[in-house]
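Understanding the architecture of this molecule
Residues per chain, in single letters:
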Amino acid sequence: MAGRGEFFQSFLEGLERKNALQSWSGRFQPGWGRQQSGPGRGRGWKKERRKQPRAAANRQPGGWSGPKTEDNRRRLTKYPPRENIIERLPSEILIKILSYLDATSLFSISYVSKLFNQLANDDVMWHKIYMSQFGSHTWKPRSADDLVLKADQVEMVDHLADDQSVGDQSTRHWKRMYFRAIAGQEMKKWRRELREISPYTGLPRQTEWILRNLNVSWELTVWDCYGRKNTLEQSRAYFFESSVILRWSGSFFPNYHKIKSIELYGVRKEAQKNPRDRKPSWRSLISKLNMRTQSGQFIGQDSLVKLVLLFPGFIIGIWRGTTNVAFIMVSLHFNKLVEKSLLGSPVCPYSEPVELLPADTSDPEFGLHGFMLHFVLHNTGTEIMSGHFLPLGCPRAQIWHDFVELKVINRTNLSQHRSLSGNIKLPWKSEELEGSVENCCIMTLTLLDEFQKPFWCVSSPCWITMAKTTQSLDYSGDHFQMEYQDEEGKVTMKLVWLKEQKQFFLVSLVLFLSVSKVNKRFSTDY
């Protein structure tokens, strides 16, 4: 495949050299510069030469000024005027040349011009490429688990295959078939790796390995109020058992109050042996923040920065005393993160249909049961607390105020209380400066239903506030609380600070699930 690209480049260079020699060789023959009327220069030649300035008389074709020596003639043949030679060839010859390219090179060359876009979409060439790689067998999914090209994914592949295309879409059948087959094979491979589920977290074990192996990274596109955009590659990624924290830092951010929107993309870049071979990479929109409709929430500060939280999971660090942005951090849960980073389109996030599960309605007091929770408090470097809780449930009689209550840690049961290792803090870094904001951390929870399917997955910053009432009479110390809430549910944590031990104790952890989410998932009517 690489040899075909080198052949095509050598062919273009040869055409340019040949054309240059043909266009200039006749001008350096004996008698070059004479009039057509007869041999020799003649009086007319002298008369015309007197009318020209001396510098112009000595200036040779191609821009070289000087006497007509053999060295100057070599320079003229070495640096002929540049022109688009290849596009002057007939379409039949160009198609024959392009037929020697591999699929990647053919797709890349379609971005050169409209002419190459039309030629690179020739259905006969793509039919030969498809048949050479897949033969007469057409790729088809074999089961529901292998159905990787659903409606939204088919649109993504069609958009990739027909990008910048002009003309009749029906003539690009084999090009679309090729990209669908390639996408199907690759998706099938990494989806097979995602089937191995960890019984501890309920998530695929190989999520981090797949993201690294597929060369997936994440980019931020920041738009300001003047319509200008700035795309930033991630500065650092911190991987954990069920989440990843991404950080962008530098001096390229606009003023905080001038930011109009922030877009987060998953980007897969093809590995390139030659840095000059720039191949287009696919960008999958994960989330988009409209700063005009969303207000940030202050969550903490240190001597250098103050932190502002934007839903979902965005932290913006602002230099104290100014409105300049120091860094942006995002926390992402591993649930469907591979699909979100690869299968979305540049304008629409990936979404998977909600699987409706049957509910047992034989018992009139039937509620939720058999749930399992994996709960982690951590920052960019260490785990503060990690727990695995099961079984969790709630009878129907305890469903109230449009929420289903799941008690994970009961404050009256001392055996369930958990100590937190170290202080709760969130380290940050921006270029040459770094620091740590106290009483802030990242909460990552994975709630599995009775069928061991992810029911509610959250990875978001949270912070400590002083509690208004005493949380537990069994401990003497200051009482605090941490809360999180979105449209699917909320989390409430109660903590006690033990001065002698210099650590926090988690004395209560309660989840509140939205009744509408439960009814939608289990087809119930609570």
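Higher on the page you've got the structure.
Below is a short write-up of the structure. Note that the coordinates shown come from a computational prediction; the quantities given were computed from them, not determined experimentally. (Residues numbered from 1 in each chain as written. Predicted model: local features only at pLDDT ≥ 70, side-chain atom pairs only at ≥ 80, totals over all residues. Heavy atoms only, no water.)

1. Overview of the environment of Met 482
Rule in force here: Secondary structure elements are defined from DSSP: runs of H or I of at least 4 residues count as helices, runs of E of at least 2 residues count as strands, and each element is numbered from the N terminus. Whether two residues are in contact is decided by their heavy atoms: any pair within 4.5 Å suffices.
Looking at the element boundaries, Met 482 is found in strand 19 (residues 478-486). The sequence separation of Met 482 and Thr 465 amounts to 17 residues, and the corresponding C-alpha distance is 6.5 Å. Every residue in contact with Met 482, bar those within four places of it in the chain, is listed here: Ile 424, Cys 441, Cys 462, Trp 463, Ile 464, Val 491, Thr 492, Met 493 and Leu 495.

2. Overview of the side chain of Ser 459
Operational definition: Burial status follows relative accessibility: with a 1.4 Å probe on protein chains alone, a residue under 20% of its type maximum counts as buried, one over 50% as exposed, and anything between as partly exposed. In protein, a polar contact means a hydrogen-donor-capable atom and an acceptor-capable atom, both N or O and within 3.5 Å, with residues adjacent in sequence counting only if both atoms are side-chain atoms; elsewhere, any N or O pair within 3.5 Å suffices.
Topologically, Ser 459 is positioned in strand 18 (residues 454-466). By relative accessible area, Ser 459 is classed as buried at 10%. In terms of polar contacts, Ser 459 uses its side chain to reach the side chain of Ser 331, at 2.4 Å. Of note is the side chain of Ser 459, whose polar atom sits 3.1 Å from the side chain of Thr 444.

3. Brief notes about the sheet that holds strand 5 (residues 259-268)
For clarity, the cut-off: Pairing between strands is defined by DSSP: at least two bridges between the two strands are required. Comment: axis = line fitted to C-alpha atoms, over the contacting stretch for helices; angle = value between 0 and 180 degrees taken between N-to-C directions.
Spatial strand order, 2-1-5-6: four strands in an open sheet with antiparallel pairing. The sheet terminates laterally at strand 2 (229-233) and strand 6 (282-290), the two strands that pair on one side only. Taken pair by pair, the neighbouring strands of this sheet meet at an average axis angle of 25°, ignoring direction. Pairing analysis gives five bridges linking strand 1 (residues 216-224) to strand 2, with the strands arranged antiparallel. In the sheet register, Val 222 faces strand 2, and the bridge partner there is Asn 230.

4. A few points about the packing of aromatic side chains
Rules: The pairing test for Phe, Tyr and Trp rings, Trp by its six-membered ring, is centres within 6.5 Å, and the orientation test on the planes gives stacked under 30 degrees, edge-to-face over 60, and tilted for anything in between.
Applying the stated rule across the entire model yields 11 aromatic pairs. Residues Phe 239 and Phe 334 carry aromatic rings whose centres are separated by 6.3 Å and whose planes lie at 45° to one another, so their mutual orientation is tilted. Taken together, the residues span a long stretch of sequence, with Phe 239 in strand 3 (residues 236-239) and Phe 334 in the loop between strand 10 (325-333) and helix 12 (337-342) at a distance of 95 residues. According to the relative accessible area criterion, Phe 239 is buried, its value standing at 19%.

5. Regarding the pattern of salt bridges
The line we're drawing: Just to be clear on terms, a salt bridge is a Lys or Arg side-chain nitrogen sitting within 4 Å of an Asp or Glu carboxyl oxygen.
A full pass over the atoms with the stated rule returns seven salt bridges. A salt bridge links Arg 205 to Glu 196; the shortest N-O distance between them is 3.5 Å. By relative accessible area, Glu 196 is classed as partly exposed at 42%. Of the charged contacts in the structure, one is a salt bridge between Arg 228 and Asp 224, with a shortest N-O distance of 2.9 Å. Since its relative accessible area comes to 53%, Arg 228 is described here as exposed.

6. Some words on the sheet that holds strand 10
Here six strands make up an open sheet; going across it, the order is 3-4-10-9-8-7 and the pairing antiparallel. One side of each edge strand has no neighbouring strand; the edge strands of this open sheet are strand 3 and strand 7 (297-301). With direction set aside, neighbouring strand axes in the sheet form an average angle of 20°. Bridging between strand 3 and strand 4 (residues 243-249) involves four bridges; their strand directions are antiparallel. If you follow Ala 237 over to strand 4, its bridge partner there is Leu 246.

7. Quick look at unusual backbone geometry
Cis geometry marks the peptide bond from Phe 311 to Pro 312, where omega comes out at 0°. Structurally, Pro 312 is set in the loop between strand 8 (305-310) and strand 9 (314-319). In this model, Asn 215 sits at a positive phi of 60°, which is unusual for a non-glycine residue. Checked against the element boundaries, Asn 215 lands in the loop between helix 11 (207-213) and strand 1. Owing to a relative accessible area of 39%, Asn 215 belongs among the partly exposed residues under this scheme. A positive phi angle, close to 60°, is found at Lys 336, a residue other than glycine.

8. With respect to the side chain of Ser 514
Note that Ser 514 resides in strand 21 (residues 503-514). The exposure class assigned to Ser 514 is buried, which follows from its relative accessible area of 8%. Looking at Ser 514, its side chain comes within polar contact range of the side chain of Ser 516, at 2.8 Å. Excluding residues within four positions of it along the chain, Ser 514 makes contact with Asp 402, Phe 403, Glu 487, Glu 488 and Gly 489.

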